[in-house]
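Examining the three-dimensional arrangement
The primary structure of each chain is shown beneath.
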Amino acid sequence: GFLELINNMLAAGMVPALYEEAERDGIINNLRDEVTKKGLPDTKEGVWQYFVNRCRDNLHVVLAMSPIGESLRVRCRSFPGMINNTVIDWFVPWPHQALLSV
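Procedures and definitions
Residues numbered from 1 in each chain as written. Predicted model: local features only at pLDDT ≥ 70, side-chain atom pairs only at ≥ 80, totals over all residues. Heavy atoms only, no water. Salt bridge = Lys/Arg side-chain N within 4 Å of Asp/Glu carboxyl O. Helix = DSSP H or I, 4+ residues; strand = E, 2+ residues; numbered from the N terminus. Buried < 20%, exposed > 50% of the residue type's maximum accessible area, 1.4 Å probe, protein only.

1. Remarks on the pattern of salt bridges
A complete count under the given rule lists four salt bridges for this structure. The residue R54 makes a salt bridge to E34 at a minimum N-O spacing of 2.8 Å. Here R54, found in helix α3 (residues 44-58), pairs with E34, found in helix α2 (residues 21-37); they are 20 residues apart in sequence, far enough to count as distant. Judged by relative accessible area, R54 falls into the partly exposed class, the value being 37%. With relative accessibility at 28%, the residue E34 sits in the partly exposed group. A salt bridge links R73 to E70; the nearest nitrogen and oxygen atoms lie 3.1 Å apart. A relative accessible area of 48% means that E70 is categorised as partly exposed.

If you want it as structure tokens, here you go:
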């Protein structure tokens, strides 16, 4: 499901079998010159790894989940990438006066 895909992206930086071989080859061909200019290996695997690393470095995901009940605990246990590779911010309601002064 959806959280499994998010967990894979967070943990590995990639979702297995996301691209078909033709799409993957197109991405590699489009990036080959950029990889060569940076002095990195321009093999198929080297260019693909460059693409994955670039995606991982620029990926930002925002998830909002309610902490009420057992759902969040179960999700965190089932998908450890959501804990190990994220920053968790707990938001509480703002006082009315604080909202007016912002």
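Structure's up, so let's keep going.
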